[in-house]
Amino acid sequence: MIKNIVFDLGGVVIPLTPETAWQRFEQLGIKDTRQQMGLYGQTGIFLQLENGSITTDQFLKELADMAQEQSHIFGDQEPRISFQQAQRAWVGYVENVDIHRLNNLLTLKQQYQVILLSNTNPFIVEWAESDNFSGDGHPLDYYFHRTFYSCDMKDYKPAVTIFQKMLQDSGINPQETLFLDDGEKNIRAAESIGIHGLLVEKNQDWMPMLTQRLCELNK
């Protein structure tokens, strides 16, 4: 019997449009943005930010140094990129928030414990946890019982350890848990420790598939 449903954020709860984010980082002077920022995971300082191994201040400094090295946009001045500039670039990943999906989460909350487990960073988290997230005044955590972010957990999907931490902190049974993600490696990692997995296409309306899978698992 499924009692808990765990969701990925980008590409599942909110649609992703990476092109805008790439363009905004390129405007800041990062020429190799597309190589460092992938659809299913980051590399370099972008990954270090999301797995919690560097702080936002360290990221901003290294980002500015990178922009200066690649584009020389600061001239002889000390290279500097603000939190707001970086946040605007990161939030470029999100063209819109689908209120239909958010309402589906609220419906599911009436019967299941609904949890978020996301590879993400403090710039996205600050925006998502503000009243600006939904468009009607609700932050992201309004739609979940618990939220887990890789940058806070200092871990990163598809590492099995991030799922183990989520299970332990939530006090939930993996056999009673279903995990939705658009990354196959993440699903396989969850399944390796007994969590049921449901792989969805990026930006797909997952509610029909989820309803069917819940019926199968709850027979």
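The structure presented is a predicted model; accordingly, all values stated were derived computationally and were not measured.

Caption draft 1: A look at the nonpolar core. Core analysis: the biggest nonpolar cluster contains 58 residues, and Phe7, Phe59, Trp90, Leu180, Trp206 and Leu210 have the highest contact counts within it. Here the element with the most residues in this core is helix H4 (residues 56-71); it accounts for 6 residues. Residues contacting Trp206, with those up to four places away along its chain left out, are Phe7, Val12, Val13, Arg101, Asn104, Leu105, Leu108, Leu180 and Val200. The next biggest cluster of nonpolar side chains, apart from the first, holds 15 residues, and it includes Ile162, Phe163, Met166 and Ile172.

Caption draft 2: Here's a closer look at the sheet that holds strand E3 (residues 146-149). The 5 strands are arranged E3-E2-E1-E4-E5 in an open sheet whose pairing can be described as parallel. Only two strands of the sheet have a single neighbouring strand rather than two, namely E3 and strand E5 (196-199). Adjacent strand axes in the sheet meet at a mean angle of 20°, parallel and antiparallel pairs treated alike. Here strand E1 (residues 4-7) runs beside strand E4 (residues 177-181); their pairing, made up of 4 bridges, is parallel. Pairing of Val6 across the sheet is with Phe179, part of E4.

Caption draft 3: Quick peek at helix H1 (residues 18-27). Buried within H1 are the following residues: Pro18, Ala21, Trp22 and Phe25. In an axial view of H1, the angular spread of the buried residues amounts to 100°, which keeps them on one side of the axis. Here the buried face of H1 lies against helix H2 (33-36), helix H3 (44-50), H4 and helix H5 (83-91). Phi turns positive one or two residues past the end of H1, at Gly29, with a value near 110°.

Caption draft 4: Quick peek at the pattern of salt bridges. On inspection of all chains with the given rule, the structure shows 13 salt bridges. The shortest N-O distance in the salt bridge between Lys157 and Asp8 comes to 2.9 Å. Of this pair, Lys157 sits in the loop between helix H8 (150-153) and helix H9 (160-170) while Asp8 sits in the loop between E1 and H1; the two residues are 149 residues apart in sequence, bridging distant segments of the chain. The buried category is assigned to Lys157, whose relative accessible area is 3%. The exposure class assigned to Asp8 is buried, which follows from its relative accessible area of 7%. Counted as one network, the salt bridges with shared partners bring together Asp8, Lys157 and Asp181.

Caption draft 5: Region of interest: the packing of aromatic side chains. Following the criterion strictly, the structure yields 14 aromatic pairs and no others. Ring centres of Phe25 and Phe46 lie 5.4 Å apart, and the angle between their planes is 85°; on these two criteria the pair is classed as edge-to-face. Pair noted here: Phe25 is in helix H1 and Phe46 is in helix H3, with a separation of 21 residues, a long-range link. Exposure remark for Phe46: the relative accessible area of 0% places this residue in the buried category. Measuring from ring centre to ring centre gives 5.8 Å for Phe46 and Trp90, while their planes differ by 65°; the resulting arrangement is edge-to-face. Remark: Trp90 occurs in helix H5 and Phe46 occurs in helix H3; sequence separation between them is 44 residues. Note on Trp90: relative accessible area 1%, which makes it buried.

Caption draft 6: Seen up close, the environment of Phe123. By the secondary structure assignment, Phe123 is in helix H7 (residues 122-128). By relative accessible area, Phe123 is classed as buried at 0%. Sequence separation of Phe123 and Thr56 is 67 residues, and the distance between their C-alpha atoms is 8.1 Å. Every residue in contact with Phe123, bar those within four places of it in the chain, is listed here: Leu49, Thr56, Phe59, Leu60, Phe83, Ala86, Gln87 and Trp90.

The rules we used
Residues numbered from 1 in each chain as written. Predicted model: local features only at pLDDT ≥ 70, side-chain atom pairs only at ≥ 80, totals over all residues. Heavy atoms only, no water. Core = buried A, V, L, I, M, F, W, Y, C linked by side-chain atoms within 4.5 Å. Buried < 20%, exposed > 50% of the residue type's maximum accessible area, 1.4 Å probe, protein only. Helix = DSSP H or I, 4+ residues; strand = E, 2+ residues; numbered from the N terminus. Contact = heavy atoms within 4.5 Å. Pairing = 2+ DSSP bridges. Axes fitted to C-alpha atoms, helices over the stretch in contact; angles between N-to-C directions. Arc of directions from axis to C-beta. Salt bridge = Lys/Arg side-chain N within 4 Å of Asp/Glu carboxyl O. Phe/Tyr/Trp six-rings, centres within 6.5 Å; stacked < 30°, edge-to-face > 60°.

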